[in-house]
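Reading the structure
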Amino acid sequence: VFGFSSQFNSGQRVYDDEQQGLGEQTVIRFSFVVAENTPKGRAAQEFARLVKLKTNDTVRVELFPNGTLYNENDEVAALQRGSIQIIAPSFSNISEVVPEWMAMDLPFAFRNDEAVKEAFQGKIGSILMGKLESHGMIGLGLWANGFQQMTSNVRPLVHLEDFRNLKFRILPSKIIEAQFRLLNAGTSPIPFNKVYRSMESGEVDSGENTISNIYSRKLYQVQKYLTISNHAYLGYGVIMNKQFWDKLSLANQQAITAAMQEATVWANQDAISFNNKQLDDLKKTGQMDIHILTDDERQAWQQALEPVYTEARAYIGQELLDAVNELRQ
Ligand code: LMR
């Protein structure tokens, strides 16, 4: 990956081998922290394929998975200063710069995948996308991963008291912090590429993540208990550096927009079936005790976490809070 560092520094245009007749090509570097065989990795590959197709190969999207270039701590800053052109961080990571994005972290905000789709395509999505520009970023799309599930290496997480005094690895978000505070548990924000080790060493004993992230990062080797709780949602904002965007030709902007729309429709459907498939794969490892939260248990969790909504107003504002409340009616 680090073999072509000269290209890294050369800005948006590189000159491909003229002898092959390829001429000038615009290169878009796209960095993300998960593996290629994940909902985000698959979406990024589909986007790259469509950009190539729609621009007759004059725009090339280069993918840098597994956090090889940047991790969650520094990728938003790297995007803002133009060191990378596209990233797709989780909502919580974007909220470090644009707090309103925390709206997507609210527990029990989305009843099912249909509600998530409505949030992405409706008022919530458009408010969130609109907040990016003043921070030097352009929102290209909203990508799904899936619902968050609880894991622990200490005991099954079923009743509220099971959470007491456990320490959870979390994404950096005040709303997620509040969620665990209400469950009397501690938290530590840790970037994705350090999660396995932090669970292995016992620095944290519990976590929340999607089936795909639990499976692809082999977290089942360091977490004995999984609760299928679907208590919150993990998805991504696909964002581009604004200066880079503004310098693209109108034709390229249109092609990229179209590629993103098409890739997003495909990817957000794919993410659902991919997580389902990986739940089967996870079961086959036989390494986790899996509990599916019952309706009654779910109701108890939901009630205990309701005060997060009161606290959230200060972070996300009344308009977004109203929009989320309307969706979860
Ligand atoms: C995490 O850190 O758990 C996720 O944000 C990783 C990802 O990008 O899916």
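An account of the accompanying structure is given in this report. Just so it is clear, the model here is predicted, and its values are computed rather than measured.

A few points about the site of the ligand
The local shell around the ligand consists of V33, V34, K40, E72, S90, N145, L171, F192, N209 and N213. Residues that form the shell around the ligand fall into these classes: four nonpolar, four polar and two charged.

Things to note about the nonpolar core
In this structure, F47 and V51 are the most contacted members of the largest nonpolar core, which totals 90 residues. Discounting residues that sit within four places of it in the chain, V51 has contacts with V59, V61, A255, I256 and A259.

Describing unusual backbone geometry
Positioned with a positive phi, N56 is a non-glycine residue whose angle comes to about 50°. Relative to the assigned elements, N56 resides in the loop between α2 (39-54) and β3 (59-64). Notably, K218 is not glycine yet its phi reads approximately 55°, a positive angle. Looking at the secondary structure, you find K218 in the loop between α9 (211-216) and β9 (225-241).

Here we look at helix α7 (residues 174-182)
Residues I175, I176, A178 and Q179 constitute the buried set of α7. In a view along the axis of α7, the buried residues occupy a sector of 160°, so they form one face of it. In this structure, the buried residues of α7 make contact with α4 (91-95), β6 (167-170), α12 (295-305) and α13 (307-316). Once α7 finishes, N184 follows within two positions and takes phi at roughly 60°, a positive value.

A word on the environment of K131
Within the fold, K131 resides in the loop between α6 (123-130) and β5 (137-152). Residue K131 is classed as partly exposed on the basis of its 18 C-beta neighbours within 10 Å. With 30 residues separating them in the primary sequence, K131 and W101 have C-alpha atoms 8.8 Å apart. Residues contacting K131, with those up to four places away along its chain left out, are V98 and E100.

Regarding the pairing of β6
Here β6 pairs with strand β7 (residues 186-189) via four bridges, running parallel. Along β7, the bridge assignment pairs I170 with P189. Here β6 pairs with strand β8 (residues 206-209) via two bridges, running parallel. Paired with F168 across the strands is S206, a residue of β8.

Notes on the packing of α2 against helix α11 (residues 250-285)
Across the interface, α2 lies against α11 with an axial gap of 8 Å and an inter-helix angle of 150°. In terms of orientation, α2 and α11 fall into the roughly antiparallel class. Relative to α11, the crossing made by α2 is right-handed. Here P39, R42, A43, E46, F47, L50, V51 and K54 of α2 lie close against α11, whose contacting residues are A255, I256, A258, A259, M260, E262, A263, W266, A267, D270, A271 and F274.

Cut-offs applied
Residues numbered from 1 in each chain as written. Predicted model: local features only at pLDDT ≥ 70, side-chain atom pairs only at ≥ 80, totals over all residues. Near = placed C-beta within 6 Å. Nonpolar A, V, L, I, M, F, W, Y, C, P; charged D, E, K, R; others polar. Core = buried A, V, L, I, M, F, W, Y, C linked by C-beta atoms within 7 Å. Buried ≥ 20, exposed ≤ 12 C-beta atoms within 10 Å, placed from the backbone. Contact = placed C-beta atoms within 7 Å. Helix = DSSP H or I, 4+ residues; strand = E, 2+ residues; numbered from the N terminus. Arc of directions from axis to C-beta. Pairing = 2+ DSSP bridges. Axes fitted to C-alpha atoms, helices over the stretch in contact; angles between N-to-C directions. Parallel < 35°, antiparallel > 145°, perpendicular 65-115°, else oblique. Left-handed = near helix turned anticlockwise from the far one by under 90°.

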